[in-house]
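Overview (structure and organization)
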Amino acid sequence: MSLFIRKPLSQVLAQAADNEKGLKRTLGAGNLVALGIGAIIGAGLFVRTAAAAGQAAGPAVTLSFIIAAIGCAFAGLCYAEFASMIPIAGSAYAYSYVTMGELIAWIIGWALIMEYALGAATVSIAWSEYLNKLLGGSIPYEWSHSPFESFTDTAGVLHSGVINAPALVILLLLTLLLIKGTQESAMVNAIIVFIKVAIVILFIAIGWQFIRPENHTPYMIPEGTKPVLDAAGKEIANYSGVFKHGWGGVLGGAAIVFFAFIGFDAVSTAAQEAKNPSRDMPIGILGSLVVCTILYILFGHVLTGVAPWTDFVDPSKGREASVAYAISAYMTGYGWLSTAVTVAILAGFSSVILVMLMGQSRIFYTMANDGLLPKAFGDLHPKYKTPFKANWILFVFVGLFAAFVPGHVAGDLTSFGTLFAFVLVSLGVMILRKKEPNMKRPFRTPAAPVVSILGAIICTGMIVAIDSRTLLVAFLWMIVGLVVYFAYSRSRSKLRSFSDVLPTADDFEARR
Ligand code: ALA
């Protein structure tokens, strides 16, 4: 039977309508926008803006934000069309099952694990960084970094990481909250979103007065900029590559800060918990994206105006906990803001982790319901109606990454997984328009072919700009996914085993 067997849309919609057994519908449009912002503003803004400025884009990181935002806006419009017409948990995985068939759906589902699970790991690592900053660096380096990280202090002593314990603690707390319930989690999320948006606006407003125009000149990293070495003579930055200076660096920076936009698509994973998905999904996805894009552009401009980008090269200087650093180093008299920012950032990171974990567990839930993953991933808690087993399995998986892998590696893999899904979702919209032209589309992507193609091109451009070692790891991850599919999932697919009784996509089309 074809590897590209497609799930009939009628079956998907029936599944979504079957509320009784499924997830509870508790989320309105406001909750969904908050869910989006909850997942979007996090480590990407507060950690990776500085990393992108220091490693590739310089002050032009603001332009990097604009490029990343354009790619996301195109993909976001495509997501919105899908989410309004296929209102089922599972996001890009679920859409591609209907449009491009099981194998592609599996591949996307597997890539989405990189997005959500590793996204949660990345942000929990950043959470650990900022917690340490708040506690005045009192958590020993060994217990707050992965074994692959080390640094030489000013006394020449080499410190190597063992395990990132704080990252594990925050993951555990949020897993417990998620098991308790979606509504409880949404309420905590809404409070946090309010706090973190307020603090971003405060930083922009106060920081604006401390912008020094000379920090914005030259605007891009000049060609020929010398590599930077740490105290032990180890190279920590090199600007010779195509994506490390000038306009290429702006694109390289876009691939890094792209992480900051990840999350608007998490709204689409909650489609089955939305009260009125056809109307509210597009509002949730596009609304959260617009709010965040405006804030990011202003934030990038202020951060690189307050501190010179060269401060963001060295992790032991301004690259870790960069916002708190910039405030304490350059905004005299605003020590309180540095502490407030750090507290808000910690809360903000928690909401990102929360939504990422929630998104991933919903994708597992849908894949298990389709038979592609073991049944346990789809079991709902008898009282809370949350996929609690998926949450626990996820905690172990994400925890391993958070504890033992450096943040930038997990972050780049997250970007890869997301961009990959974006490319396929962008193309999927075009495919479904051809295959099911008459289907009801409560939200239509404007100028669909142009938006789809440009979305796919820009996102592919950002994939190419990702570090080559990361691309290799991502490739290996995808190979493992294919092995799992052919060894386990394919033979257990419910769509396949029932396809003699259920209509196939072709039957469905023939009957129309
Ligand atoms: N966009 C999310 C963040 O920046 C993943 O933390």
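This text follows the structure it describes.
Below: a short report on this structure. Note that the coordinates shown come from a computational prediction; the quantities given were computed from them, not determined experimentally.

Observations concerning the packing of aromatic side chains
Per the stated rule, a full pass over the model turns up 24 aromatic pairs. Centre to centre, the rings of F210 and Y334 are 5.7 Å apart; their planes meet at 85 degrees, and the pair counts as edge-to-face. In this pair, F210 is assigned in the loop between α8 (182–208) and β3 (228–229) and Y334 in the loop between α13 (322–330) and α14 (335–369), connecting sequence segments 124 residues apart. Ring geometry for F397 and W477: centres 6.1 Å apart, planes at 40 degrees, overall tilted. A residue pair is termed long-range when its members are at least 10 positions apart, and F397 in helix α15 (residues 388–404) and W477 in helix α18 (residues 468–492) qualify at 80 residues. F397 gets classed as partly exposed once you look at its relative accessible area, which sits at 26%. Through a chain of ring-to-ring contacts, the aromatic side chains of W106, W110, F397, F401, W477, Y485 and F486 assemble into a single cluster.

Observations regarding the site of the ligand
Around the ligand, the neighbouring residues are A39, I40, G42, A43, G44, V123, F259, A260, I262, V352 and M356. Between an oxygen atom of the ligand and a main-chain N or O atom of G44, the distance comes to 2.7 Å. At 2.7 Å from a nitrogen atom of the ligand is found a main-chain nitrogen or oxygen belonging to I262. A total of 220 Å² of accessible area belongs to the ligand in isolation, and the protein chains cover 100% of it. Listing elements by their share of the shell around the ligand, those giving two or more residues are α2 (29–40), α3 (43–57) and α14. Tallied by class, the residues present in the shell around the ligand amount to 9 nonpolar, 2 polar and no charged.

A few points about the packing of helix α5 (residues 91–99) against helix α16 (residues 407–435)
Each pair of packed helices gets described by two things: the angle between the helix axes and the distance between those axes. α16 packs onto α5 with a crossing angle of 35 degrees between their chain directions and a minimal axis gap of 9 Å. Where α5 crosses over α16, the two elements pack in a sense that is left-handed. Here A92, V98 and T99 of α5 come into contact with α16, specifically with A421, V425, G428, I431, L432 and K435. Its residues assigned to classes, the contact of α5 with α16 shows 6 nonpolar, 2 polar and 1 charged.

A look at unusual backbone geometry
T217 connects to P218 through a cis peptide bond whose omega is -10 degrees. The topology assignment puts P218 in the loop between α8 and β3. Although it is not a glycine, A447 adopts a positive phi angle of roughly 45 degrees. Tracing the backbone through its elements, the reader meets A447 in the loop between α16 and α17 (448–464). Its relative accessible area of 53% is what places A447 among the exposed residues.

Looking at a nonpolar patch on the surface
On the surface, L472, F475, L476, I479 and V483 cluster together to form a nonpolar patch covering roughly 490 Å² of accessible area. Its location among the elements puts V483 in helix α18.

Describing the packing of helix α6 (residues 102–134) against helix α7 (residues 165–180)
Direction vectors running N to C along α6 and α7 enclose 120 degrees, while the axes themselves pass 8 Å from each other. Between α6 and α7, the angle is such that the two are oblique. In the packing of α6 onto α7, the handedness of the crossing is right-handed. Between α6 and α7, the residues in contact are A120, S124, I125, W127, S128 and L131 and P166, A167, I170 and L171, respectively. Here the contact of α6 with α7 is composed, by residue class, of 8 nonpolar, 2 polar and no charged.

So, helix α4 (residues 61–85)
An ideal rise of 1.5 Å per residue puts 36 Å on 25 residues; α4 measures up with 36 Å between its terminal C-alpha atoms. With 20 of 25 residues buried, α4 lies mostly within the body of the structure.

Describing the side chain of S426
Looking at the secondary structure, you find S426 in helix α16. Among the polar contacts made by the side chain of S426, one reaches the main-chain carbonyl oxygen of F422 at a distance of 2.8 Å.

Section: the nonpolar core
In terms of nonpolar packing, the biggest core is built from 165 residues, with I41, F46, I86 and F349 touching the most fellow members. Sort the elements by how many residues they give to this core and α6 lands first, with 21 residues. If sequence neighbours within four positions are ignored, F46 has contacts with I41, Y130, V200, F299, S322, V323, I345 and F349.

Let's talk about α3
In this model, α3 (15 residues) spans only 18 Å end to end at C-alpha, well below the 21 Å of a helix rising 1.5 Å per residue. Along α3, the helix axis deviates most sharply at T49, where the bend reaches about 30 degrees. Looking at the residues trailing α3, positive phi occurs at G58, about 65 degrees.

Conventions we followed
Residues numbered from 1 in each chain as written. Predicted model: local features only at pLDDT ≥ 70, side-chain atom pairs only at ≥ 80, totals over all residues. Heavy atoms only, no water. Phe/Tyr/Trp six-rings, centres within 6.5 Å; stacked < 30°, edge-to-face > 60°. Helix = DSSP H or I, 4+ residues; strand = E, 2+ residues; numbered from the N terminus. Buried < 20%, exposed > 50% of the residue type's maximum accessible area, 1.4 Å probe, protein only. Near = heavy atom within 4 Å. Polar contact = N/O pair within 3.5 Å; in protein donor to acceptor, adjacent residues only side chain to side chain. Areas by Shrake-Rupley, 256 points an atom, 1.4 Å probe, with all protein chains shown as cover. Nonpolar A, V, L, I, M, F, W, Y, C, P; charged D, E, K, R; others polar. Axes fitted to C-alpha atoms, helices over the stretch in contact; angles between N-to-C directions. Left-handed = near helix turned anticlockwise from the far one by under 90°. Contact = heavy atoms within 4.5 Å. Patch = residues over 30% accessible without salt bridge, like charges linked within 9 Å, V, L, I, M, F, W, Y side chains within 5 Å. Salt bridge = Lys/Arg side-chain N within 4 Å of Asp/Glu carboxyl O. Parallel < 35°, antiparallel > 145°, perpendicular 65-115°, else oblique. Expected span 1.5 Å × (residues − 1). Core = buried A, V, L, I, M, F, W, Y, C linked by side-chain atoms within 4.5 Å. Bend = angle between axes of the 7 residues up to and from the residue.

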